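The lines below spell out each chain.
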Amino acid sequence: MRRRAGRVRAAATVAALALALSSAPAAYAQAAKPASARERYQAGVELLESGSVYRAVDAFMAAVAANPAYADAWAMLARCQYELGEYERAVSFIAEAYKYGPRSPSLITLEAFSRIGQGSLAEARALLEEALARLPNDRDARFGMALLDLRNGRPGDARARLSSSLKTAPRDPRALLSLALISRAEGRVDEASAYLAEALRWTAGDPDASYAAAELYYERGDLAEAARLAGQAVRERPGHAGARRLLAQLYYERGALDEARDVLDGSIALDRADARAWFLLGLVEKAAGRRAEAEYALSTLAALRPEDELARIALENLVIEGTGFEDPSRPALAAWRFARAAEFERRLLYQKAVAEYRRGLLVDPYANPGRRRYAELLRGSGLPSSYLAELRFLDDLGKSDRALADAIEIYDSLLAGSVGRDWNVGLGARTDPYRLAVFSVAPDASTYHAGGDLVVARYLRDSLAFEPGLAPDRGVARVEGFADAFALARESGAEWFVLVRVAETERDVLVSAELRAARTGALAARVDAPRSGNDRVALSVARVVQGIRAALPTRGSLLERRGDLALVGLGRVDGVAVGDAFIIVKSGAVSIEPDGSGLAWKDADVVARVVASRVDDELFEGKLERVGFFDRVNPRDVALREPPKPEDAQAAGADASAAKASSPSSSPEAVQSSYLWSALFERVRSLY
């Protein structure tokens, strides 16, 4: 019965179709006629102009399928691939276009920009020179040459080329906006404003130009105009990822979280692989108190882009700040860190391995295998007391086994005559770490990861917490600049504060930190850490931590004394070795120099001298040599490295000057300039 009913329905359908065809044979013939290669090409052009790149690719592919020798369709396919950032694919399609059509200046220029995207700058320059030889006034080729000048740190040459282009095309918004970007980078604020105002006269209908202008207004602090222009770019091209991201960032910074979420949801609907939208969405959801949604956004991004450091750090920060130690989400996150640490161990990169183990243990303090491997690294670094402390921690958690129990017994016996055992003092006894406050300075330009400055500052704060003698405050606040940070640090009672600035492109990061005295605001040290490639955030932060530690004088305290024997809270982790000499200064008599250059005390407040005779991980023992007739030495007095004699100090200063003169220039200005033109190159390139 079911088979017979199906045949009846099929017969009825065929009859109805035959009746429809007999009543409209012309319409059917027109609908059935396949589109020509030319029609598909025209459809692709319209789709590309409207911002529908994926559908445009489909149309152009259909065009070359219908006519494999269609040079213009191959060229437009190349343009689509360039828009998608698939530069190698773009070059291969350009080769097809050359095969079937002329080697036109516009196509040569597109290949040059694709080569720039691949990083082949020498090949790109040769192609642009060829395009200019064929058409000397080609604006695209001139723009490309100016772009290469910027990449090589020659803004003057770039300015000259763009100004020359304006003589023939004074209404070119791309050249005007590029000149505005260069002028602003050079500090020519009025000139940049003039170029920007002129560019805005001719940006109607050009979403890329509107977006570039919006970024310039954002940098100037005119957030309302930046939002207007970004919104205009989105209306002109709804799929404009950069404009949507900037608009969402502006909403986020104003606290309009619902509006920011709506924009980002739209961005992700258009392109689920939009990593920067996922990242900002995670921060928006976190700010809104929606931890589960924030974790979903950042977890999705970490899965899409495992190499995105900031995504993983932000996810870890979210879990560290918002969950208990036994939360089930912690072990999986920590396991990723432990796997990396093990790989670094295999490659004998022990410092990197230690950093990864520490980060993993910050995420999951109760991790058994991770803590055991970290303990083994401590043992191999010559820190037996720290090794034993880690094993005892696992034993206290109930994670002991035969191997762990044996190791505890062995090292418990080996350390029987150590300084700490003799004085019955364990690790963590030091009472005088430097108290630091860490602040993130709000960036004055849009960065690759919007809001990433706070993520990096928190990562730096957590890294500093593992350093001996440092006690950073728990929170990390974003400030507008020095004045806000100075006030907050001074009023909180911190001794030092760190101002962190982060600048970032897709390929590079520059983490800059200023260490300042909280009492006076004086600059003690500045560390600039530019890095490229994999692990660039971790490497930059490690360099900053190293610079901060080097700038802070070693300071400990007298913990106990037994007659002329003293126990001081400094050890191997602080770089103390047997034979090192220290002075003991009366408690409360040591302060930070007003200019932040070090520590200050009066000679009258020096009560003793002590030389390290036995050294543990965090303690040393030495014999006191009293200064003066009376015994004025008491626990909690301050231990400082003995200053060098005047003649030794002069010799050391001369050696340092010679080393500095022989070393290549790495001044903050040079580092900033190198990064500046690299970042500007990326922004100007986006205008093509």
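The paragraphs below set out a description of the structure included in this document. (Residues numbered from 1 in each chain as written. Predicted model: local features only at pLDDT ≥ 70, side-chain atom pairs only at ≥ 80, totals over all residues. Heavy atoms only, no water.)

### Digging into the overall build of the chain
We count it as follows: Counting from the N terminus, the helices are the DSSP runs of H or I reaching at least four residues and the strands are the DSSP runs of E reaching at least two. Classification of residues uses two cut-offs on accessible area relative to the type maximum, computed with a 1.4 Å probe and protein chains only: under 20% is buried, over 50% is exposed, and between them is partly exposed. Working rule for contacts: check all heavy atoms of both residues, and any pair within 4.5 Å makes them a contact. The accessible surface values rely on the Shrake-Rupley method and a 1.4 Å probe; as for residues, cover is taken only from the protein chains in view.
Along the chain, the regular secondary structure elements total 30 helices and 13 strands. The 688 residues of the chain split such that 48% are buried. Summarising the internal contacts of the chain: among those between residues at least 6 apart in sequence, 61% fall at separations of at least 24. By element, 53% of the accessible surface of the chain is carried by carbon and sulfur atoms, the whole surface being about 32600 Å².

### Concerning the pattern of salt bridges
When the charged atoms of two side chains with opposite charge come close together, those side chains can pair. For the record, the criterion: When a carboxyl oxygen of Asp or Glu lies within 4 Å of a side-chain nitrogen of Lys or Arg, that pair is called a salt bridge.
Counted according to the given criterion, the structure contains 54 salt bridges. Where Glu111 meets Arg115, a salt bridge forms, and the shortest distance between an N and an O atom there is 3.4 Å. With Glu111 and Arg115 both in helix H7 (residues 105-118), this residue pair falls four residues apart, about one helical turn. Judged by its relative accessible area of 9%, Glu111 is buried. Residues joined in a network through salt bridges with shared partners are Lys286, Glu316, Glu321, Arg337, Arg340, Glu356, Arg359, Arg458, Arg461, Asp462 and Asp535.

### Side note on the sheet that holds strand E3 (residues 496-504)
Basically, it comes down to this: Note: two strands are recorded as paired if DSSP finds a minimum of 2 bridges between them. Axis angles are defined between N-to-C directions and span 0 to 180 degrees, where every axis is a line fitted to C-alpha atoms and, for a helix, only to the segment in contact.
A sheet is described by the order of its strands in space; here five strands give the open sequence E2-E1-E3-E4-E5, paired in mixed fashion. Of all strands in the sheet, those with a lone pairing partner are strand E2 (470-479) and strand E5 (523-532), marking the two edges. Each adjacent strand pair in this sheet contributes to an overall mean axis angle of 20 degrees, direction not counted. Across five bridges, the pairing between strand E1 (residues 434-441) and E3 is parallel. Opposite Phe439, over in E3, you have Leu499 as the bridge partner.

### Quick notes on the packing of helix H18 (residues 291-304) against helix H19 (residues 309-322)
Inclusion rule: Each angle is binned into one of four classes, with values under 35 degrees roughly parallel, values over 145 roughly antiparallel, values of 65 to 115 roughly perpendicular, and all other values oblique. Should the near helix be turned anticlockwise from the far one by less than a right angle, the crossing is left-handed, and should it be turned clockwise, the crossing is right-handed. Three classes are used, and their members are as follows: Ala, Val, Leu, Ile, Met, Phe, Trp, Tyr, Cys and Pro are nonpolar, Asp, Glu, Lys and Arg are charged, and the others, Gly among them, are polar.
It is the contact of H18 with H19, at a shortest axis distance of 9 Å, that shows an interaxial angle of 150 degrees. Considered as vectors, H18 and H19 are oriented roughly antiparallel to each other. Crossing geometry of H18 relative to H19 is assigned as left-handed. When H18 is examined against H19, the residues Arg291, Ala294, Glu295, Leu298, Ser299, Leu301 and Ala302 are found in contact with a partner set consisting of Ala311, Arg312, Ala314, Leu315, Leu318 and Gly322. In terms of residue class, the contact of H18 with H19 is built from eight nonpolar, two polar and three charged.

### So, the sheet that holds strand E6 (residues 555-562)
Paired through their backbone hydrogen bonds, the strands of a sheet run either parallel or antiparallel. Read once around its circumference, the closed barrel built from six strands follows the order E6-E7-E12-E11-E8-E13, with strand pairing classed as antiparallel. Geometrically, the sheet is characterised by an average inter-axis angle of 40 degrees between neighbouring strands, direction not taken into account. Here strand E8 (residues 581-585) pairs with strand E11 (residues 606-615) via five bridges, running antiparallel. The residue of E11 that forms the bridge with Val585 is Val606.

### Looking at the environment of Val633
By the secondary structure assignment, Val633 is in the loop between strand E12 (620-626) and strand E13 (638-641). The exposure class of Val633 is buried, given its relative accessible area of 3%. Residues Val633 and Ala608, 25 residues apart in the sequence, show an inter-C-alpha distance of 6.9 Å.

### Side note on the side chain of Asn317
What counts, and what does not: Between N or O atoms, a polar contact is any pair within 3.5 Å; within protein, one atom must be a potential hydrogen donor and the other a potential acceptor, and residues adjacent in sequence are included only when both atoms are from side chains.
Looking at the element boundaries, Asn317 is found in helix H19. A polar atom in the side chain of Asn317 sits 2.9 Å from the side chain of Arg359.

### Considerations on the side chain of Thr323
With respect to the helices and strands, the residue Thr323 is situated in the loop between H19 and helix H20 (329-346). Side-chain polar atoms of Thr323 contact the backbone oxygen of Val319, separated by 2.6 Å. Not counting the four nearest positions on each side in its chain, Thr323 is found in contact with Arg291 and Arg330.

### What about the pairing of E6?
Pairing geometry for E6 and E13, over three bridges, is antiparallel. From the neighbouring strand, Arg555 faces E13, where its bridge partner is Leu640. The pairing of E6 with strand E7 (residues 565-568) spans four bridges and is classified as antiparallel. Note that in E7 the partner of Leu558 across the bridge is Val568. Hairpin geometry of E6 and E7 is characterised by an intervening segment of two residues between the two adjacent antiparallel strands and by a positive phi of about 65 degrees at Gly563.

### Some remarks on the packing of aromatic side chains
What counts is decided by this rule: Side-chain rings of Phe, Tyr and Trp, where Trp is taken by its six-membered ring, are said to pair if the distance between their centres is within 6.5 Å; with planes under 30 degrees apart they count as stacked, over 60 as edge-to-face, and otherwise as tilted. Consider the ring centre and the ring normal. A charge sits over the ring if Lys NZ or Arg CZ is within 6 Å of that centre and within 35 degrees of that normal.
Using the criterion set out here, one finds 16 aromatic pairs in the structure. Considering the side-chain rings of Tyr41 and Phe60, the 5.8 Å spacing of their centres and the 55 degrees angle between planes classify their relative orientation as tilted. Taken together, the residues span a long stretch of sequence, with Tyr41 in helix H3 (residues 37-49) and Phe60 in helix H4 (residues 53-66) at a distance of 19 residues. Counting every residue linked through ring pairs, the aromatic cluster contains Phe439, Phe482, Phe486 and Phe497. A cation sits over an aromatic face here: Arg103 above Tyr98, 4.5 Å from the ring centre. Across the ring face of Trp423, the terminal group of Arg562 is positioned such that the distance to the ring centre comes to 4.1 Å.

### Observations concerning the packing of helix H21 (residues 350-363) against helix H22 (residues 368-380)
Interhelical geometry of H21 versus H22 gives an angle of 145 degrees and a closest axis separation of 10 Å. Handedness of the crossing formed by H21 with H22: left-handed. Listed contacts from H22 to Tyr350, Ala353, Val354, Tyr357, Arg358 and Leu361 of H21 are Gly370, Arg371, Arg373, Tyr374 and Leu377.

### Quick word on helix H26 (residues 452-465)
Applied cut-off: A helix is expected to span 1.5 Å multiplied by its residue count minus one.
Spanning 14 residues, H26 covers 20 Å between terminal C-alpha atoms, matching the ideal 20 Å at 1.5 Å per step. The complete set of buried residues in H26 reads Gly452, Asp453, Val455, Val456, Ala457, Arg458, Tyr459, Leu460, Arg461, Asp462 and Leu464.

### Some remarks on helix H11 (residues 173-185)
Between its terminal C-alpha atoms H11 stretches 18 Å, which fits the 18 Å expected from 13 residues at 1.5 Å a residue. Of all 13 residues making up H11, eleven are buried, and the element is well covered by its neighbours. Gly187 lies just past H11 and shows a positive phi near 85 degrees.

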